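# Descriptive structure summary
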Protein chains: 2
Amino acid sequence: MSETLLSSRNLAFELYEVLDAEALTQRERFAEHNRETFDAAIGTARGIAEELFAPHNRKNDEHEPQYVDGAAVLIPEVEPALRAFHEAGFLNATRDFEHGGMQLPNLLSQACFAHFQSANIATSSYSMLTMGVANLIEAFGNDEQKHKYLQPIIDGRFFGTMALTEPHAGSSLSDIRTKAEPHADGSYRIKGNKIFISGGDQPISENIVHMVLAKLPDAPPGVKGISLFLVPKFLVNDDGSLGKRNDALLAGLFHKMGWRGTTSTALNFGDNDDCVGYLVGKPHHGLSYMFQMMNEARIGVGMGAIMLGYAGYLYSLDYARNRPQGRHPDGKDPASQQVSIIEHADVRRMLLTQKAYVEGAFDLGLYAARLFDDTQTLETEEQRKTALELLDLLTPIVKSWPSEFCLKANELAIQILGGHGYTREYPVEQYYRDNRLNPIHEGTHGIQSLDLLGRKVSMNGGAALKQLLKLIHGTCQRAEAHPTLTALRQPLEQLLARLQTVTLALLGDLMAGKVNQGLANSALYLKVFGHTVIGWRWLEQAIRAEEGLARGNAADADFYQGKLQAARYFLTWEVPSCHHDLAILEARDDTCLGMQDAWF
Amino acid sequence: MSETLLSSRNLAFELYEVLDAEALTQRERFAEHNRETFDAAIGTARGIAEELFAPHNRKNDEHEPQYVDGAAVLIPEVEPALRAFHEAGFLNATRDFEHGGMQLPNLLSQACFAHFQSANIATSSYSMLTMGVANLIEAFGNDEQKHKYLQPIIDGRFFGTMALTEPHAGSSLSDIRTKAEPHADGSYRIKGNKIFISGGDQPISENIVHMVLAKLPDAPPGVKGISLFLVPKFLVNDDGSLGKRNDALLAGLFHKMGWRGTTSTALNFGDNDDCVGYLVGKPHHGLSYMFQMMNEARIGVGMGAIMLGYAGYLYSLDYARNRPQGRHPDGKDPASQQVSIIEHADVRRMLLTQKAYVEGAFDLGLYAARLFDDTQTLETEEQRKTALELLDLLTPIVKSWPSEFCLKANELAIQILGGHGYTREYPVEQYYRDNRLNPIHEGTHGIQSLDLLGRKVSMNGGAALKQLLKLIHGTCQRAEAHPTLTALRQPLEQLLARLQTVTLALLGDLMAGKVNQGLANSALYLKVFGHTVIGWRWLEQAIRAEEGLARGNAADADFYQGKLQAARYFLTWEVPSCHHDLAILEARDDTCLGMQDAWF
């Protein structure tokens, strides 16, 4: 049977040929691990994903959560899937051995989790959110919070959510109105309404821990007045037993185009003036705490987008190989047998494009996951800080590029299946609907572009950008050893040179106070930057493929040839398309900025 | 209240400033008409669309047709909407006065129908299919068929369908297996299975007339052996009363991602060896008859894609004007009021892109509709033939370009609404799902590209292409009178020159027998050709806008400025992006063609 979640050969290529996962086992934290333990974890993940997640992916979509008597009701398949996920250790994959974890590198944890995202993005989301909340409490919570809330999460009894968005403010967090009033016992009383809270209610876990952004009475205006509160669905007694139901109530469910199995909720905090919350960390530091978790969340979104793209790619590839239809344009004898549609050049184009998008993004996602390990386990603080800067810079790309281009991949998968692809009798239309959320949540595309150009490229004097450029130049230099890669390397070098120039020019605008002008076309900047990064990752993969071919293992030759062809597609078909975007950026074209409301 | 279906001002601009609809009233066929009768028809269409079509658009989606006891069950709102549509004369808008029609130009009929497509694409589809069947019987049916089947269709009692696709053959019509055996009484017995038959069953009309492609026993292989049969759901007695139920049975319904209100059916013909069909026209000419109707059907698909784009554009525009969120990047004082999101440059970009796609495509769709009038009502046969050649050439563009780019417009509409846009509480996600069908039905994108490059550009010695090039050059020449348009005209001229050269080169390949090479990248050719055509239509609109501004009517100045800005966007942001595609075409790049099955 063909693989449906991801290509194991490609994953092995990424882990052991491109990203050198085995080198991580030299670090003290991962010293107990080796390639065998890594592969065992991956094998377990694949098994559970195939057996317990994939089978109810369509059912999740067809039977979305229902609002019944103030609670959300889910299909019964979600609970055993998440239980198996937890019992196999994936909820705590990266956590210390001594805290019940597998102490795996984040790289491996993401590689394992990718299987669940591909199999069933909606069910996997409950875990992803819960892992995020666990990390937040671990990093910033006090001992009582860790004891009462983190431990039950680690034990798989409590789940978690992030409650940021409010109806009137959307992405503009500085405008949130949720209030937190100090209470005599040191806790707070929370009052406000939040929307789009994924997993905001479900019948699976004993309790739900909401991480809520709210403002204290003395809060300064704007984002610097936001604090973080832990608001449980049920209060927890000192002995760990559940206390009374907190005044944090489910107001309703949103009905989404896709990703339907994950409840998207409106929550009312303090409708009865009795919503108990606990301050996490220091007052007014809530947003910075959230942002320290943002890399994780955004990489998670990017990986989700990639895996939806991956699932669609593999499905449409299998379909194209097995669906006979039509003949070659130069052999139209109607008496001859029909050929498989993979024989048609345009179908190959649609498959190769998917491969280039999906495997290019997959490489970047795992690269970022490994970088996250560097931020935690490199030897010196300086090294860790350097890694973190690079990760900060790449995060908007890891989040946004797959959200855009792996969605395009899903669009192509539908097209390959034709009329069938448009029906709910086949899975590709669901991937497309599911994936459409990714350019929106955890910061829209527009916000990612402002984050990249307005913040990330210039932070610390452009240190991270310089680091990235050096890495890309390094890859180009190594590519020079392979004359076959010249035609792939040169488009990247050309793009890179021009991107550097335009970056300096745009930063010049910003420093000169021409902020609106400098940021007006940041969407194009995001695209060009993203294509540069993915182009770099493809050149890196191409080098490894050449090295693989040189080893002369015949069984692997097709795999490496496919890598080279996909790299060629991306670097010669896609990368040069950015020069037109660069011309617009260079010209500070004001067509969009200058458009007036009244002219529409 | 804002307009929700389309901009009346823009429609008037198209009809009376760009396409000179009033000139049609000089033709004998339309001599009874004038601008008042045109506007009255449009006003009636808008009223019915707003009152009877739009209100159940979401309900159509939420309560898709059900298969109950061998029949399809629809929501009750569809029937009265279609009855009002018929009673107001829109089913027979272009038909002769003496046959109960309004004898309107096709241009006006399409302009009226656009309102129904925007309001409710699924309900409007039943009418569109029925109009197509009426035209097919009128053109190729015999007197008995016209009497028994066409007249009840005109009377609004019977509906029609097109039954082409078969499960094993898909787009490859030469491989259909449905058989037609001659019967002693001159009729035929049909046997075969068809899928994706839109409107293949519904409880609204007294009878359904299926136009079925099938093969006679002596049929030559391939498409030259396909004949066309009229297969009624109920046989019709000589006195016009309904006879027995024909052996043409509903096998099941497809469940689509969108466009759910239109039944998509599997039909079994002759399961009980008793399916009566009637040959339409001559044996073995079925496909050519269908193809003579194809322009209409494909323009209809294009217009549907445009109107879905239009509806999403208007909704997101209204939302962006009324949704306060965030502040300008250069004025981030959190104590200041939030601005409407239309103030953000990137939101303006997404609105302007939508406007450029939707209004550019709308202009082309109506241009094609007017060309259709020319094919029917120009004075000499030579003139009509010339018009038909141009229409044949443009048809793959009218069908495919809006299917791709107005779908992108819908994607942007969702993005503007953010998290809300992803929920079914707002209409934009449905437009996106509905529109995803358009690149598939009535010939996929891939088929359109082969039709364009493999057939249309070279037909009759390239006569149609020469005609089009002359028209575009003519527009460019007229644009020279407006110095303000220089920056818009030049990118089009540059693209046009290069497109001509590459066309000759690719046709050279085809003539030299290098068919696979010549057609390998036809998807890119389709894109470049489409952008050239839409670029031309935008330059034409820009000239009219300049003329409008020169008339100095202050009330219209904003409208014309908007046209100029959208033209500027399309011609300077979009058109030059094609040079990279042209470079790939010029190089006969074989990256996709050369990809091997085993390498994936």
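Residue positions within a chain follow its written sequence, with the count starting from 1. Chains carry letters and ligands carry numbers; both start at the beginning, A for chains and 1 for ligands, and go up in the order they are written. For this predicted model, a pLDDT threshold of at least 70 governs which residues receive local features, and a threshold of 80 or more governs which side-chain atom pairs are given and counted, while totals over whole chains, interfaces and linings are taken from all residues. Side-chain numbers here rest on the full set of heavy atoms in the structure, without hydrogens or water.

As named in an unreviewed UniProt entry, chain A is Acyl-CoA dehydrogenase, taken from Aquipseudomonas guryensis. UniProt positions are given in the numbering used here, feature names are shortened, and annotations may be inferred rather than shown by experiment. What UniProt records for chain A under Sequence similarities (unreviewed entry) is the sentence "Belongs to the acyl-CoA dehydrogenase family." In its Cofactor (unreviewed entry) section, UniProt records this for chain A: "FAD".

Moving on to the side chain of K399 of chain A. All names here are of chain A. Think of it this way: any DSSP run of H or I at least four residues long counts as a helix, any run of E at least two long counts as a strand, and we number them from the N terminus. Inspection of the secondary structure assignment puts K399 in helix 11 (residues 381-417). Identification of polar contacts relies on pairs of N or O atoms within 3.5 Å, with a donor-acceptor requirement for protein atoms, meaning one able to donate a hydrogen and the other able to accept it, and with residues adjacent in sequence counted only if both atoms are side-chain atoms. Side-chain polar atoms of K399 contact the backbone oxygen of N438, separated by 2.7 Å. Other than its neighbours up to four places away in sequence, K399 contacts R298, V301, G302, N438, P439, I440, H441, E442, G443 and Q448. Whether two residues touch is decided by their heavy atoms; if any such pair falls within 4.5 Å, the residues are in contact.

Another point: helix 12 (residues 428-435) of chain B. One full turn of an α-helix is made of 3.6 residues, so residues set three or four places apart face in the same direction. Buried means the residue's accessible area, taken with a 1.4 Å probe over protein chains only, is under 20% of the maximum for its type, while exposed means over 50%, and partly exposed covers the values in between. Among the eight residues in helix 12 of chain B, eight count as buried, and that is most of the element. Among the residues of helix 12 of chain B, those classed as buried are V428, E429, Q430, Y431, Y432, R433, D434 and N435 of chain B.

Residue and element names in this part refer to chain A. The domain boundaries here were taken from an automatic or database domain assignment. Split into domains, chain A comes out as domain 1 (8-140), domain 2 (144-149 + 157-284) and domain 3 (445-594). If you look at the interface, domain 1 gives seven residues, while domain 3 gives 10 residues. Take a side-chain nitrogen of Lys or Arg and a carboxyl oxygen of Asp or Glu: if they are within 4 Å of each other, that pair is a salt bridge. Between R551 and E17 there is a salt bridge, with its nearest N and O atoms 3.1 Å apart. Our count for the contact surface shared by domain 1 and domain 3 stands at six residue pairs in polar contact (both at pLDDT 80 or more). Polar here means any residue other than Ala, Val, Leu, Ile, Met, Phe, Trp, Tyr, Cys and Pro, which are nonpolar, and Asp, Glu, Lys and Arg, which are charged; Gly is therefore polar. Across the side of domain 1 that touches domain 3, the residue classes break down as three nonpolar, one polar and three charged.

How large an interface is tends to be reported as the accessible area lost when its parts come together. Listed per partner, the contact involves 95 residues of chain B and 95 residues of chain A. Note: buried area is the sum, over both parts, of the accessible area (probe 1.4 Å) each one loses when the two are combined. Between chain B and chain A lies a buried interface of about 8,500 Å² when both sides are counted; carbon and sulfur atoms form 57% of it. Of all residues in chain B, the largest losses of buried area upon contact with chain A belong to Y422, W573 and F600 of chain B, amounting jointly to 11% of the total for that side. In this structure, the connection of chain B to chain A is made through eight salt bridges. Note that R568 of chain B is salt-bridged to D590 of chain A, the shortest N-O span being 2.6 Å. The tally of links between chain B and chain A comes to 46 residue pairs in polar contact (both at pLDDT 80 or more). Broken down by class, the residue content of the side of chain B that touches chain A amounts to 39 nonpolar, 30 polar and 26 charged.

So, about helix 8 (residues 143-154) of chain B. All names here are of chain B. All of the buried residues along helix 8 are Q145, K148, Y149, L150, P152, I153 and I154. Capping the start of helix 8 is the job of one residue whose side-chain oxygen sits 3.2 Å from the backbone nitrogen of E144: N142. Phi turns positive, to about 85°, at G156, one or two residues after helix 8.

A word on the relation of the copies chain B and chain A. A residue counts toward the fit only if its pLDDT is at least 70 in both copies, and the copies are then superposed by least squares on the C-alpha atoms of those residues. Overlaying chain B on chain A yields an RMSD of 0.0 Å, the required transformation being a rotation through 180° with an accompanying axial translation of 0.0 Å. The symmetry that links the two subunits is that of a two-fold axis. Every residue of chain B has its C-alpha some distance from the rotation axis, and the shortest such distance is that of S577 of chain B, at 3.4 Å. Interface overlap between copies is the fraction of interface residues in one copy that are interface residues in the other; for chain B against chain A it reaches 100%, indicating a shared surface.

Looking now at the packing of helix 17 (residues 522-551) of chain A against helix 18 (residues 554-574) of chain A. Residues and elements named next belong to chain A. For the pair helix 17 and helix 18, the least separation of the axes is 9 Å and the interaxial angle reads 150°. Judged by the angle between their axes, helix 17 and helix 18 are roughly antiparallel. Crossing handedness for the pair helix 17 and helix 18: left-handed. Its residues placed into classes, the contact of helix 17 with helix 18 shows 13 nonpolar, five polar and five charged. Every angle, taken between N-to-C directions, lies between 0 and 180 degrees, and every axis is a line fitted to C-alpha atoms, over only the stretch in contact when it is a helix. The scheme is simple: roughly parallel for angles under 35 degrees, roughly antiparallel for over 145, roughly perpendicular for 65 to 115, oblique for anything else. Each crossing gets its hand from how the near helix is turned against the far one by less than a right angle, where anticlockwise is left-handed and clockwise is right-handed.

With that settled, consider the packing of aromatic side chains. What counts as a ring pair is set by centres within 6.5 Å for rings of Phe, Tyr and Trp (its six-membered ring), and what kind of pair is set by the plane angle: stacked under 30 degrees, edge-to-face over 60, tilted for all other angles. Tallying each qualifying case throughout the model produces 53 aromatic pairs over all chains. Both rings, one in Y315 of chain A and one in Y426 of chain A, keep their centres 6.5 Å apart while their planes meet at 80°; by these two values the pair is edge-to-face. One end of the pair, Y315 of chain A, is in helix 9 (residues 286-322); the other, Y426 of chain A, is in the loop between helix 11 and helix 12 (428-435), with 111 residues separating them in the sequence. For Y426 of chain A, a relative accessible area of 22% gives the class partly exposed. In textbook terms, an aromatic cluster arises when at least three aromatic residues are bridged by ring pairs, as seen for F53, F85, F90, F113 and F116 of chain A. Counted as over-ring charges are cases with an Arg CZ or a Lys NZ within 6 Å of the ring centre that also lie within 35 degrees of the ring normal. The ring of Y16 of chain A has R35 of chain A lying over it, and the distance from NZ or CZ to the ring centre is 3.7 Å. Directly above the aromatic system of F234 of chain B lies the positively charged group of R245 of chain B, at a separation of 5.6 Å from the ring centroid.

Another point: the confidence of the model for chain A. Chain-level pLDDT for chain A is 96 on average; 100% of the residues reach the 70-or-more range. Model confidence for the complex: the whole-complex pTM is 0.97, and ipTM, which rates the interface, is 0.97. Each residue carries a pLDDT score, the predictor's confidence in it, ranging from 0 to 100.

All names here are of chain B. The contact between helix 9 (residues 286-322) and helix 11 (residues 381-417) brings their axes to 8 Å, and the two run at 25°. Between helix 9 and helix 11, the angle falls in the class roughly parallel. Handedness of the helix 9/helix 11 crossing: left-handed.

Right, let's talk about the environment of S522 of chain A for a bit. All names here are of chain A. Assignment of secondary structure puts S522 in helix 17. The exposure class assigned to S522 is buried, which follows from its relative accessible area of 2%. Sequence-wise, S522 and E3 are 519 residues apart; in three dimensions their C-alpha atoms are separated by 38 Å. In contact with S522, not counting residues within four places along its chain, are S449, L450 and L453. A polar atom in the side chain of S522 sits 3.1 Å from the side chain of S449.

Throughout the structure, instances matching the rule amount to 83 salt bridges over all chains. Between D374 of chain A and R27 of chain A there is a salt bridge, with the nearest N and O atoms lying 2.8 Å from each other. Taken together, the residues D374 of chain A in helix 10 (residues 345-377) and R27 of chain A in the loop between helix 2 (21-24) and helix 3 (35-53) connect sequence positions 347 residues apart. Of the two residues, D374 of chain A and R27 of chain A, both sit in the buried class. The partner of R260 of chain B in a salt bridge is D61 of chain B, with the nearest N and O atoms 3.9 Å apart. Placement of R260 of chain B in the loop between strand 10 (248-253) and strand 11 (264-269) and of D61 of chain B in helix 4 (residues 57-62) is noted, with a sequence separation of 199 residues between them.

Residue and element names in this part refer to chain A. For strand 11 (residues 264-269), the tally of buried residues reaches six of six residues, placing the bulk of the element in the interior. Side chains S264, A266 and N268 project from strand 11 onto one buried face, and the interleaved T265, L267 and F269 project onto a second face that is buried too. With five bridges connecting them, strand 10 (residues 248-253) and strand 11 associate as antiparallel partners. Following the sheet pairing, L253 is matched in strand 11 by T265. Two strands are counted as paired when DSSP detects at least two bridges linking them.

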